[in-house]
Amino acid sequence: MKINLALAGFGHVGRRFVRLLREREAELAALGLEPMVVAIATKRHGALFSSRGIDAVEQAERVEKGLALEDGIGVALKDARAMIAKTADLWEPAVLVETTVLDITAGQPAIDHVRAALTAGMHVVTANKGPAAFAARELQALAEDRALSFLFEGAVMDGVPVFNLVRETLPAARVTGFEGVLNTTTNQMLVAIERGEAAAAALARMQAEGIAEADPSLDLEGWDAAAKTAALANVLLDARITPQAVEREGLGSDIEARVRQAAAHGKRLKLMARARREAGGVRAEVNLREVDPASPFGALDGPANALRLDTDLVGPILITQLEGSLTATAYALVSDLVRVARRLRAHA
């Protein structure tokens, strides 16, 4: 099955995604899937459309050299909205792959991109936390009304199946709450401090290694974890919250003292995300907590993260990822794309 892909955003995740499509071309063909990138829209390198297809890996190499997209092979476009309109006009099924940068204030422009694609009849897969964290109910309703897919497995835990686990394997069960370590940057920093590294030195090293962003504030101030918490709560607990509604704590200036204090108690300090149903709604929070080193969360080192889902019929379910990565996040987009193709075949 041929599926046209339009890429909104072409950063690290988007570029790893197109390379993964090439690396797994034979496996995808065996699944009956023939994805073809027909459009790419970036913030700084232009936007491009070609109904004949675009060599997205070649374009990724251009972007990584600081060059603009090569407009000689297609039609240069104004922006992502124009790209969506052009792609939706093609005969074959089309999917928007949304990987723009998270905007923690309102989830834009990702929400507008997703809304425009669904309205135009395109399926959507995204690794952006914004749409589920700010507008999950609206966008899910829009997709359902148009018999389209809106999938976002890459938004939490780097693509380890969380949303699909609940959707596909827990029919009639109800998630009553969840708890977990969801931000790997802060977890690695806390572990480094435990091992004697100063907080500032640990952060500088992690930035040099590409583990932490040049601007790490979303991670260190707890915003990334809050966005993931809101997305999980909205989808799994049917909440109507945004990251701003999540009670939030980050790694403050006293973080070294707090790590030492936890160690003196025989504990480890972790940035924990949690949400649960309470009378009148859902309470969600992100805060630093001392945990037992032998517990599932206390045992997490380095880039590991974990999520416990509390359910009414099968009890607690623990999902652990020992090593998150860029490839895992890009794979989430691939797996969501395969799910779109399977749905299209089922309704053909």
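The preceding data block contains the structure.
Residues numbered from 1 in each chain as written. Predicted model: local features only at pLDDT ≥ 70, side-chain atom pairs only at ≥ 80, totals over all residues. Heavy atoms only, no water.

Engineer: Can you walk me through the sheet that holds strand β2 (residues 34-41) in this structure?
Structural biologist: Within a sheet, adjacent strands bond to each other through the backbone by hydrogen bonds, running parallel or antiparallel. Pairing is mixed across the open sheet formed by seven strands, whose spatial order is β4-β3-β2-β1-β5-β6-β7. Two strands lie at the open edges of the sheet, namely β4 (75-77) and β7 (150-151), each paired on one side alone. When β2 meets strand β3 (residues 47-49), the two strands line up antiparallel, connected through three bridges. When the sheet's bridge partners are listed, Ile40 is paired in β3 with Leu48. (Pairing = 2+ DSSP bridges. Helix = DSSP H or I, 4+ residues; strand = E, 2+ residues; numbered from the N terminus.)

Engineer: What is the right way to read the packing of helix α4 (residues 80-88) against helix α5 (residues 110-119) from this model?
Structural biologist: In helix packing, the relevant descriptors are the interaxial angle and the interaxial distance, both defined with respect to the helix axes. One can describe the packing of α4 onto α5 by two numbers: an axis separation of 10 Å at closest approach and a directional angle of 20°. Looking at the two axes, α4 sits roughly parallel to α5. Along this stretch, α4 crosses α5, giving a crossing that reads as right-handed. The residues of α5 that touch α4, namely those facing Ala80, Arg81 and Ile84, are Asp112, His113, Ala116 and Ala117. Among the residues forming the contact of α4 with α5, the class breakdown is four nonpolar, one polar and two charged. (Axes fitted to C-alpha atoms, helices over the stretch in contact; angles between N-to-C directions. Parallel < 35°, antiparallel > 145°, perpendicular 65-115°, else oblique. Left-handed = near helix turned anticlockwise from the far one by under 90°. Contact = heavy atoms within 4.5 Å. Nonpolar A, V, L, I, M, F, W, Y, C, P; charged D, E, K, R; others polar.)

Engineer: For this particular structure, what's the right way to read the nonpolar core?
Structural biologist: One recurring pattern in soluble globular proteins: nonpolar side chains tend to sit buried together. The biggest cluster of nonpolar side chains holds 82 residues, and the ones touching the most others in it are Met83, Leu96, Met189, Leu232 and Ile255. No other element matches helix α11 (residues 223-236), which puts nine residues into this core. When residues no more than four places from it in sequence are discounted, the contact partners of Met83 are Ala6, Leu7, Ala8, Ala39, Ile40, Ala41, Leu77 and Leu96. Of all hydrophobic cores here, the second largest spans 33 residues; its members include Phe10, Val18, Leu69 and Ala330. (Core = buried A, V, L, I, M, F, W, Y, C linked by side-chain atoms within 4.5 Å. Buried < 20%, exposed > 50% of the residue type's maximum accessible area, 1.4 Å probe, protein only.)

Engineer: What should I look at first to understand the pattern of salt bridges in this one?
Structural biologist: In a structure, side chains of opposite charge can pair up when their charged atoms sit close to one another. In this structure the tally under the stated criterion is 27 salt bridges. Put simply, Glu247, Arg274, Arg276, Glu278, Arg283 and Glu285 are held in one network by salt bridges that share partners. (Salt bridge = Lys/Arg side-chain N within 4 Å of Asp/Glu carboxyl O.)

Engineer: Would you explain the packing of aromatic side chains in this entry?
Structural biologist: Two measures describe an aromatic ring pair: the distance that separates the ring centres and the angle between the ring planes. Evaluation of the coordinates by the stated rule reveals two aromatic pairs. Ring geometry for Phe150 versus Phe152: centroids 5.0 Å apart, planes at 55°, classification tilted. Since its relative accessible area comes to 6%, Phe150 is described here as buried. Taking the relative accessible area as the measure of exposure, Phe152 reaches 2% and is therefore buried. Plain terms: the ring middles of Phe152 and Phe163 are 4.9 Å apart, the flat faces sit at 75° to each other, and that makes the pair edge-to-face. Here Phe152 is found in the loop between β7 and α7 (163-169), whereas its partner Phe163 is found in helix α7, with 11 residues between them in sequence. A relative accessible area of 2% means that Phe163 is categorised as buried. Taken together, the ring pairs in this structure connect Phe150, Phe152 and Phe163 into an aromatic cluster. The lysine or arginine in question, Arg248, covers the ring of Trp223, its NZ or CZ lying 3.8 Å from the ring centre. (Phe/Tyr/Trp six-rings, centres within 6.5 Å; stacked < 30°, edge-to-face > 60°. Lys NZ or Arg CZ within 6 Å of the ring centre and 35° of its normal.)

Engineer: Would you explain unusual backbone geometry in this entry?
Structural biologist: Keep in mind that most residues, glycine aside, have a negative phi and that most peptide bonds are trans. The residue after Gln108, namely Pro109, is reached through a cis peptide bond having omega 5°. Position of Pro109 relative to the elements: it lies in the loop between β5 (94-98) and α5. One non-glycine residue with positive phi stands out, namely Ala147, at about 55°. Mapped onto the elements, Ala147 comes out in the loop between α6 (130-145) and β7.

Engineer: I tried to follow the sheet that holds strand β11 (residues 281-291) on my own but got confused; where do I start?
Structural biologist: One open sheet holds the six strands; their spatial order is β9-β11-β10-β8-β12-β13, and the pairing between them is mixed. The open sheet has two edge strands with one neighbour each: β9 (247-248) and β13 (316-321). Alignment of strand β10 (residues 268-278) against β11, held across 11 bridges, turns out to be antiparallel. Paired with Glu278 across the bridge in β11 is Gly281. The sheet contacts of helix α8 (residues 184-194) involve β8 (175-181), β10, β11 and β12 (305-311), and relative to β10 the element is tilted by about 145°.

Engineer: When you look at the packing of α8 against helix α12 (residues 255-264) in this model, what are you seeing that I'm missing?
Structural biologist: In contact at an axis separation of 10 Å, α8 and α12 are set at 70° when each is read in the N-to-C sense. By the angle class used here, α8 and α12 are roughly perpendicular. The handedness of the crossing between α8 and α12 is right-handed. Between α8 and α12, the contacting residues are Leu190, Ile193 and Glu194 on the first element and Ile255, Glu256 and Val259 on the second. Of the residues that constitute the contact of α8 with α12, the class distribution is four nonpolar, no polar and two charged.

Engineer: What's the story with the layout of surface pockets in this structure? I'm lost.
Structural biologist: The computed volume of the second largest pocket comes to approximately 320 Å³. For the second largest pocket, the lining is made up of 15 residues, of which Leu21, Arg22, Glu25, Pro35 and Met36 are closest to its centre. Taken together, the elements giving at least two residues each to the lining of the second largest pocket come down to α1 (12-23), α2 (25-30), β2 and α3 (56-64). Broken down by element, the lining of the second largest pocket gets its largest block of residues, four residues, from β2. Considering only residue class, the lining of the second largest pocket consists of 11 nonpolar, no polar and four charged. (1 Å grid on protein atoms, 1.4 Å probe; cavity = no way out; pocket = protein on both sides within 12 Å on 5 of 7 lines; lining within 4 Å. Points joined across faces, edges and corners; volume = space filled by probe spheres on them.)

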